[in-house]
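Breakdown of the fold
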Amino acid sequence: MHRTYENVDIVVFWNSDKCFHAKRCVNGSPKTFCPGQKPWIKLDRAETKEIWQAIIQCPSGALTCLYRHDIDVSIDPENFRSVATYKGKEIGECDYQVAESGYNIYHTAVSPDHQGKGIAKRLVYKVLEQAERDCVNVTATCSYARKVMEE
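First, a word on scope: everything that follows refers to the structure included in this document. Because the structure is predicted, anything quoted here is derived from the model rather than measured. (Residues numbered from 1 in each chain as written. Predicted model: local features only at pLDDT ≥ 70, side-chain atom pairs only at ≥ 80, totals over all residues. Heavy atoms only, no water.)

Looking only at helices and strands, the chain has 4 helices and 8 strands in total. Tracing the chain from N to C terminus, the helices and strands come up as β-β-α-α-β-β-β-β-β-α-β-α. In terms of overall dimensions, the chain is globule-like: its C-alpha atoms have a radius of gyration of 15 Å, near the 15 Å expected for 151 residues. Expressed as a percentage of its 151 residues, the buried residues of the chain come to 46%. Of the contacts formed within the chain by residues at least 6 apart in sequence, a portion of 53% connects residues at least 24 apart. Per element, the accessible surface of the chain, about 8400 Å² overall, is 49% carbon and sulfur. The distance from the centre of the 20 positive side-chain charges to the centre of the 20 negative ones in the chain is 7 Å. (Helix = DSSP H or I, 4+ residues; strand = E, 2+ residues; numbered from the N terminus. Rg over C-alpha atoms; globule rule 2.2 N^0.38 Å. Buried < 20%, exposed > 50% of the residue type's maximum accessible area, 1.4 Å probe, protein only. Contact = heavy atoms within 4.5 Å. Areas by Shrake-Rupley, 256 points an atom, 1.4 Å probe, with all protein chains shown as cover. Lys, Arg positive; Asp, Glu negative; His and termini not counted. Charge placed at Lys NZ, Arg CZ, Asp CG, Glu CD.)

Written out as structure tokens, the structure reads:
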């Protein structure tokens, strides 16, 4: 399972397949990381610095974090894509096809001015979250999406 959690400053990525429950996140920021609750990550309960420091202690790499840079990412299910916007302007997308076997992510792109900020990863995660809500599998012919899924 892939999930993102966001506040005004940061985006936290969680890959449950990698997590081996060392609880360093819980010990590092117990107000933020609350196993047994849904959602189990609550970014409004601690300062960004504390959350970030707890995440870098994750030994499995199941938790990662980056700054939002005032960029919003949303799903556009009618057009089979996720979209990144900055100040109302579209700056990236992750396109997928729907088939009987599930979703196939075939294209991910971010405008050159905004590359290197983790936006493409956010776009892929948004599609993965949608697929989980729709109870479908995901494959990727897009090499970047495949890389994110294998992390």
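What follows concerns the packing of helix α3 (residues 119-133) against helix α4 (residues 143-150). For the pair α3 and α4, interaxial distance at closest approach is 10 Å and the crossing angle is 75 degrees. By the angle between their directions, the pair α3 and α4 is classed as roughly perpendicular. Across the interface between the two elements, A120, K121, V124, Y125 and L128 from α3 touch Y144, A145, V148 and M149 from α4. Residues belonging to the contact of α3 with α4 are distributed by class as follows: 8 nonpolar, no polar and 1 charged. (Axes fitted to C-alpha atoms, helices over the stretch in contact; angles between N-to-C directions. Parallel < 35°, antiparallel > 145°, perpendicular 65-115°, else oblique. Nonpolar A, V, L, I, M, F, W, Y, C, P; charged D, E, K, R; others polar.)

Right, let's talk about the pattern of salt bridges for a bit. The final tally for this structure, using the stated rule, is 9 salt bridges. Residues E6 and R122 are paired through a salt bridge, measuring 3.2 Å at the closest nitrogen-oxygen approach. Remark: R122 occurs in helix α3 and E6 occurs in strand β1 (residues 2-6); sequence separation between them is 116 residues. Look at E6 and you get partly exposed, because its relative accessible area is 34%. Residue R122 is classed as buried on the basis of its relative accessible area of 2%. (Salt bridge = Lys/Arg side-chain N within 4 Å of Asp/Glu carboxyl O.)

Time to look at the side chain of N15. One can find N15 in strand β2 (residues 10-15). Using a relative accessible area of 4% as the deciding quantity, one classes N15 as buried. A polar atom in the side chain of N15 sits 3.1 Å from the backbone oxygen of E151. (Polar contact = N/O pair within 3.5 Å; in protein donor to acceptor, adjacent residues only side chain to side chain.)

This next bit is on α3. With 15 residues, α3 should reach 21 Å at 1.5 Å per residue; the first-to-last C-alpha distance of 21 Å fits that figure. The buried fraction of α3 amounts to 13 of the 15 residues, a majority that puts the element mostly inside the structure. Remark: C135 follows α3 within two positions and exhibits a positive phi of approximately 55 degrees. (Expected span 1.5 Å × (residues − 1).)

What follows is about the state of the cysteines. Here, disulfide denotes a covalent bond that connects the sulfur atoms of two cysteines. With the rule as written, the count across this model stands at 0 disulfides. Here C25 stays unpaired: no disulfide links it, and the sulfur of C19, its closest cysteine neighbor, is 6.5 Å away. Among the residues examined, C25 registers a relative accessible area of 11% and is labelled buried. Not engaged in a disulfide, the cysteine C58 finds its nearest cysteine sulfur in C19; these two sulfurs lie 6.3 Å apart. You can call C58 buried: its relative accessible area is 18%. (Disulfide = S-S within 2.5 Å.)

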